[in-house]
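So the chains spell out like this:
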Amino acid sequence: MSGTPPYREGRLCEGRVVVVTGAGRGLGRAHALAYAAEGARVVVNDLGVGLDGTPDPDSPAARVAEEIRAGGGDAVAHGRDIATADGAASLVRTALDTYGRLDTLVNNAGFLRDRMLVNLDEDDWDAVLRVHLTGHFLPLKHAAAHWRAETRAGRTPTARIINTSSGAGLLGSLGQGNYSAAKAGIVGLTLVAAAELARYGVQVNAIAPAARTRMTETVFAETMTSPDTGFDAMAPENVSPLVVWLGSPASDGVTGRVFETEAGRITVMEGWHPGPTEDKGARRTPQEAGETVRKLLAEAREPSPVYGAG
């Protein structure tokens, strides 16, 4: 893993307070270090669990916070479960009690319990949606409540939320029905939050990253291998510059967007748009509906394949 980025003057997030969930390893750690390098004070959240969400005695949040402090930055660890109301509320309180403010929330925490749908049990479905989707909603809700209160007190913030979706949420991924559903839900949550929270000075965007983390290095082992020399395309540090920019004042006016990002590539995802359409102006028979659908599909673009389907 890359170490702490160098600290420098004229930094993009100077003085801002940033919360990053799931920041003990992988993408979250890279984001926390990158924000610190740009002058932010960072709340490093990590529950410290294994890849499947079971308890891990070696909690990494404190290690990352110490790494930031050792590099000249300012950070505090938070180890509670942000997929609970109390844990999410305490996350926001930690930022406010420690630093007196909150400027940016990066929702990143997650884990996998992959199964083909016929083998996916209810517990694995619920657990993945809880951590990914509820674990986005609750920190967002509590941060938004704080920013609403600030706005009503005449202190409209320059606030930012960056959510973490996935290509699995945009296109689907074989063996990941629970994960794909959660990540698709995060896109919908992002769009609603961007619309509802704009009046409080909050911009909300999402990323769909591809990088080498505990969740991908086994599932996609061949493409996630670190090269011996040259550009490490799958290093999580490649994703963090976009996340830092989105969480800074420099991103003014950018909200309600989803970005795919990996290696050196950034793509603005355009989502669902109306395609070919035909209005009869009256009710169709089933046969007529089928004929219309066949005609419209012949005019429409082919969808991108689900990941793992070829």
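Residue indices follow the written sequence of each chain, beginning from 1 at its first position. Restriction of local features to residues with pLDDT of at least 70 applies here, the model being predicted, together with a cutoff of 80 or more for giving and counting side-chain atom pairs; totals for whole chains, interfaces and linings are based on all residues. Only heavy atoms go into the side-chain values, all of them from the structure, while hydrogens and water stay out.

1. What to know about the sheet that holds strand S6 (residues 202-210)
Applied cut-off: Two strands are said to pair when DSSP picks up at least two bridges between them. Labels follow the DSSP assignment, with helices taken as runs of H or I lasting at least four residues and strands as runs of E lasting at least two, numbered in each case from the N terminus. Geometry is summarised by axes, namely lines fitted to C-alpha atoms with helices restricted to the contacting stretch, and by angles between N-to-C directions that run from 0 to 180 degrees. Should any heavy atoms of two residues lie within 4.5 Å, those residues are counted as being in contact.
In space, the eight strands of this open sheet follow the order S3-S2-S1-S4-S5-S6-S7-S8, with mixed pairing throughout. The open sheet has two edge strands, strand S3 (74-78) and strand S8 (265-269), and neither has a second partner. Looking at each pair of strands side by side, their axes are set apart by 20 degrees on average, direction ignored. As paired strands, S6 and strand S7 (residues 258-262) are joined by five bridges and run parallel to one another. Along S7, the bridge assignment pairs Pro-209 with Thr-261. The strands that helix H1 (residues 26-37) touches are strand S1 (17-20), strand S2 (41-45), strand S4 (104-106), strand S5 (159-164) and S6; relative to S1, the one it contacts most, it runs at about 170 degrees.

2. A look at the confidence of the model for the protein chain
Heads up, the rule is: A residue's pLDDT is the predictor's confidence in that residue, given on a scale from 0 to 100.
Scored by pLDDT, the protein chain has a mean of 90; 88% of the residues are at 70 or more. In this model residues 1-7 is a low-confidence stretch, pLDDT under 50, and it forms 18 contacts with partners more than four residues away in sequence or in other chains.

3. Focus: helix H6 (residues 177-197)
Given 3.6 residues to a turn, an α-helix orients residues that are three or four positions apart in the same direction. Basically, it comes down to this: To estimate the expected span of a helix, count its residues, drop one, and scale the result by 1.5 Å. Three labels apply to residues, based on accessible area from a 1.4 Å probe with only protein chains included: buried if under 20% of the type maximum, exposed if over 50%, partly exposed otherwise in between.
Along its 21 residues, H6 runs 30 Å from first to last C-alpha, staying within 8% of the 30 Å computed at 1.5 Å per residue. For H6, the set of buried residues is Asn-178, Tyr-179, Ser-180, Ala-182, Lys-183, Ile-186, Val-187, Leu-189, Thr-190, Ala-193, Ala-194 and Leu-197. Summarising the contacts, the buried residues of H6 are in contact with helix H4 (122-152), S5, helix H5 (167-171), S6 and S7.

4. A few points about the packing of H1 against helix H2 (residues 61-70)
Keep this limit in mind: Note on angle classes: values under 35 degrees are labelled roughly parallel, values over 145 roughly antiparallel, values of 65 to 115 roughly perpendicular, and the remainder oblique. Here a crossing is called left-handed whenever its near helix is offset anticlockwise from the far helix by less than a right angle, and right-handed whenever the offset is clockwise. Residues are grouped as follows: Ala, Val, Leu, Ile, Met, Phe, Trp, Tyr, Cys and Pro are nonpolar; Asp, Glu, Lys and Arg are charged; all remaining types, including Gly, are polar.
In contact at an axis separation of 10 Å, H1 and H2 are set at 25 degrees when each is read in the N-to-C sense. As far as their axial angle goes, H2 and H1 are roughly parallel. Classified by chirality, the crossing of H2 by H1 is right-handed. On H2, the residues touching Arg-29, Ala-32, Leu-33 and Ala-36 of H1 are Val-64, Glu-67 and Ile-68. Of the residues that constitute the contact of H1 with H2, the class distribution is five nonpolar, no polar and two charged.

5. Let's talk about a negative patch on the surface
Put simply, the test is: Patches were defined on residues exceeding 30% relative accessible area and lacking a salt bridge, with like-charge contacts within 9 Å and nonpolar side-chain contacts (Val, Leu, Ile, Met, Phe, Trp, Tyr) within 5 Å. Note on areas: Shrake-Rupley with a 1.4 Å probe; residue coverage comes only from the protein chains shown. The salt bridge criterion pairs a side-chain nitrogen of Lys or Arg with a carboxyl oxygen of Asp or Glu, the two atoms within 4 Å. In this tally, Asp and Glu contribute negative charge and Lys and Arg positive charge; neither His nor the terminal groups of the chain are included. Where a charge sits is defined by one atom per residue type, namely NZ (Lys), CZ (Arg), CG (Asp) or CD (Glu).
Residues Asp-121, Glu-122, Asp-123 and Asp-126 make up a contiguous surface patch of negative charge. Structurally, the position occupied by Asp-121 is in the loop between S4 and H4.

6. Remarks on the packing of helix H3 (residues 85-99) against H4
Orientation of H3 relative to H4, taken along the N-to-C sense of each, is 45 degrees, at an axis distance of 8 Å. By the angle between their directions, the pair H3 and H4 is classed as oblique. H3 and H4 meet at a crossing whose hand is right-handed. Contact residues: Ala-85, Ala-88, Ala-89, Leu-91, Val-92 and Leu-96 in H3; Leu-138, Pro-139, His-142, Ala-143 and His-146 in H4. Residue composition of the contact of H3 with H4, grouped by class: nine nonpolar, two polar and no charged.

7. Details of the pattern of salt bridges
Taken as a whole and judged by the stated rule, the model has 14 salt bridges. One salt bridge connects Asp-81 with Arg-130, and the closest N-O pair in it is separated by 2.4 Å. Taken together, the residues Asp-81 in the loop between S3 and H3 and Arg-130 in helix H4 connect sequence positions 49 residues apart. With a closest N to O distance of 3.6 Å, Glu-278 and Arg-284 form a salt bridge.

8. What to know about the side chain of Thr-261
Within the secondary structure layout, Thr-261 lies in strand S7. Among all residues touching Thr-261, those that are not within four sequence positions of it are Ile-207, Ala-208, Pro-209, Ala-210, Val-239, Leu-242 and Ile-266.

9. Side note on unusual backbone geometry
Of note in this structure, Ala-263 is not a glycine but carries a positive phi near 50 degrees. Mapped onto the fold, Ala-263 is located in the loop between S7 and S8.

10. Digging into the nonpolar core
Filter applied, for reference: Take the buried Ala, Val, Leu, Ile, Met, Phe, Trp, Tyr and Cys residues and link them wherever side-chain atoms come within 4.5 Å; each set so joined is a nonpolar core.
Tyr-35, Val-42, Val-44 and Ile-68 are the most contacted members of the largest nonpolar core, which totals 29 residues. Secondary-structure elements contributing two or more residues to this core are S1, H1, S2, H2 and helix H8 (240-246). Among the elements that take part in this core, H1 stands out by supplying six residues, more than any other. The next biggest cluster of nonpolar side chains, apart from the first, holds 25 residues, and it includes Val-76, Leu-140, Ala-144 and Leu-189.

11. Points about a nonpolar patch on the surface
There is a patch of nonpolar side chains on the surface, built from Met-116, Val-118, Leu-174 and Val-306 and spanning about 390 Å² of accessible area. Secondary-structure assignment places Val-306 in the segment after helix H9 (286-299).

12. Some points on the pairing of S2
To keep things clear, this is the line we draw: The path from the first strand over the helix to the second decides the hand: if it runs clockwise while the strands point away from the viewer, the crossover is right-handed.
Within S2, four of the five residues are buried, leaving the element largely enclosed by the surrounding structure. With four bridges joining them, S1 and S2 adopt parallel strand pairing. Its bridge partner lying in S2, Val-20 is registered against Val-44. Tracing the backbone out of S1, into H1 and back to the parallel element S2 gives a crossover that is right-handed. Alignment of S2 against S3, held across five bridges, turns out to be parallel. Looking across to S3, one finds that Val-42 is bridged to Ala-75.

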